[in-house]
Amino acid sequence: MVRVAIIGCGAFAESQHIPNCVAHPDVEVVALCDLRRERLEEVARRFGLERASLVTDSAEVFRRSDVDAVLAATDHSAHLPLIAEAARSGKHLLIEKPMTMTQEESLQALRLVKQSGIKLCVDYNRPFSPSMRAIKEALEEHRTDPVTSPWRSKRAPGFPTLPEERATNLVITINDEIDSYRPQHLDPGRGGGQILGESCHWFDLACWLIDRRPVRVLASGSTRLSHSVTLDFEDGSMATLFFSVCGTFDYPKERYELTSGGALFLNEFFVETAVYGRGEAVRKTYPMQFDDLRTEVPEEGFAAYLAKRTLAQRRFLETGKMPALAPDKGHQALLNAFIRAVRDDLPCPVDERRGARATYLSGLAIQSIRTGMPVPVCREALDAFVQP
Ligand SMILES: NC(=O)c1ccc[n+]([C@@H]2O[C@H](COP(=O)([O-])OP(=O)(O)OC[C@H]3O[C@@H](n4cnc5c(N)ncnc54)[C@H](O)[C@@H]3O)[C@@H](O)[C@H]2O)c1
């Protein structure tokens, strides 16, 4: 049994960490910590965790001998102090994204982890989504064994294979809703804005999917709200993120489109994937993590998700209660991998070097917007983060 404490029992912990820990057969939640006592009492009651200790000072969590690992979902400004406390007390830590707010903080975090030997896992969950793993698998298979659709027109005789054809290009579209942000997310001292606070997810994901060294960042828009960012990679691959806060959750929030070697790999909000250009198109659907409408709409996939959203809205207007609908973005799988790493002394599923890389790339995107210029990725800086 891994004995866990959760620090920061706000919206995210309530929607993921707490229910995922409660559902895990090898996890015992021994302590909940938040600055707000009334919040602690509320979540303890809701999840039947009356036996867990409720504490308002995180230092107490790290002093306890009955805590093996800590999950933290607080303001971003608390991350480095929590990493330092975890290192001092020798407790393993799953920290929310972004791991740290600056490159300097990342170097400190790396040093602390190295000196203490704790496992630090950063909650970059998207690569743990079953749909994203399926896309990555199909992409890798295509890169090693490219298959061309038999009905594709033949290349003109003598036309050479061009270097650009070897690239993998990714477009990520984020349709976000302004109502999902609270003042602390945009506060430069507490949250750092949406490039650092949210787009760090997609910098990590782009590096994981494309699996090449990023060399340049070009961004425009707002450093705290809507923005577009292009990462260029060493082999000519590109990842472009378009993040708009002027949208609506009446439509799914995330869409991923990868093209590589004459094929297209599509991920529609973690509920459906499609691969085109390798013979007959292959579409797959994925069950959602939470789906209160499963019995009314038993189908899976994108069209079914839209139908469930419409039904959920109608239900809300009728009852004042919104049915839970959450595609599987990999939160639970990442938590399970972290618990496994702690229990069996395995490497961390998303380690501090990956956390540092995403914070670094976020900083470069912010710098690019501020200067109106593309910013090179410094090889030595990246190596400091990615080398063991
Ligand atoms: N991985 C993901 O996909 C994902 C999604 C949403 C949010 N998050 C992350 O989760 C974290 C929390 O976000 P949220 O939306 O739940 O915010 P929130 O404001 O709802 O919750 C944060 C909670 O932490 C508490 N807190 C702050 N500092 C604390 C401290 N030092 N000690 C104890 N408690 C403290 C606050 O009182 C609050 O209850 C953020 O890092 C956010 O980026 C991750």
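Student: Where do I start with the pairing of strand β5 (residues 92-95) in this structure?
Tutor: It is a general feature of regular strands that their side chains alternate between the two faces of the sheet. Of the two faces of β5, the one carrying H92 and L94 and the one carrying L93 and I95 are both buried. Across four bridges, strand β4 (residues 69-72) lies against β5 in parallel orientation. Paired with L71 across the strands is L94, a residue of β5. What joins β4 to β5 is helix α4 (residues 79-89), and the crossover it makes is right-handed. Where β5 and strand β6 (residues 120-122) come together, three bridges link them in parallel fashion. Each residue of the ladder has a partner; that of L94, found in β6, is C121. One crossover worth recording links β5 to the parallel β6 by way of helix α5 (residues 103-116), and it is right-handed.

Student: It is not clear to me how the pairing of strand β13 (residues 272-276) should be interpreted in this structure. Could you clarify?
Tutor: Taken across its five residues, β13 has four buried, putting it largely inside the fold. Note that strand β12 (residues 263-268) and β13 share five bridges and pair antiparallel. Residue pairing in the sheet places E268 in a bridge with E272 of β13. Following β12, the chain reverses through three residues before pairing antiparallel with β13; F269 in that reversal takes a positive phi of roughly 50 degrees.

Student: Mind showing me how you'd approach the pattern of salt bridges here?
Tutor: Side chains that differ in sign of charge can pair as their charged atoms come close. In the structure shown here, the tally under the stated rule is 33 salt bridges. R36 is the salt-bridge partner of D34, the closest N and O atoms lying 3.6 Å from each other. Owing to a relative accessible area of 10%, D34 belongs among the buried residues under this scheme. Residue R36 is classed as partly exposed on the basis of its relative accessible area of 41%. Among the salt bridges present, the one from R255 reaches E257, with a minimum N-O distance of 2.7 Å. For E257, a relative accessible area of 28% corresponds to the partly exposed category. Several salt bridges converge on common partners, so that one network encompasses K97, R126, E198, K253, E254 and K329.

Student: Please clarify how the domain arrangement of the protein should be interpreted in this entry.
Tutor: How big an interface is tends to be stated in terms of the accessible area lost upon association of its parts. When cut into domains, the protein gives domain 1 (2-126 + 335-350) and domain 2 (129-151 + 161-328 + 358-386). Placing a centre on the C-alpha atoms of domain 1 and another on those of domain 2 gives a separation of 25 Å. With 21 residues of domain 1 at the contact, the number on the domain 2 side is 29 residues. When residues of domain 1 are sorted by the area they lose upon contact with domain 2, M101, Y124 and R126 head the list and together hold 40% of the total. The interface formed by domain 1 and domain 2 contains three salt bridges. When residues of the side of domain 1 that touches domain 2 are traced back to their parent elements, those giving at least two are α1 (11-23) and α5. The class makeup of the residues in the side of domain 1 that touches domain 2 is seven nonpolar, ten polar and four charged.

Thresholds, definitions, all that
- Residues numbered from 1 in each chain as written.
- Predicted model: local features only at pLDDT ≥ 70, side-chain atom pairs only at ≥ 80, totals over all residues.
- Heavy atoms only, no water.
- Buried < 20%, exposed > 50% of the residue type's maximum accessible area, 1.4 Å probe, protein only.
- Helix = DSSP H or I, 4+ residues; strand = E, 2+ residues; numbered from the N terminus.
- Pairing = 2+ DSSP bridges.
- Right-handed = clockwise from strand over helix to strand, strands pointing away.
- Salt bridge = Lys/Arg side-chain N within 4 Å of Asp/Glu carboxyl O.
- Domains from an automatic or database assignment.
- Contact = heavy atoms within 4.5 Å.
- Buried area = accessible area lost by both parts, 1.4 Å probe.
- Nonpolar A, V, L, I, M, F, W, Y, C, P; charged D, E, K, R; others polar.

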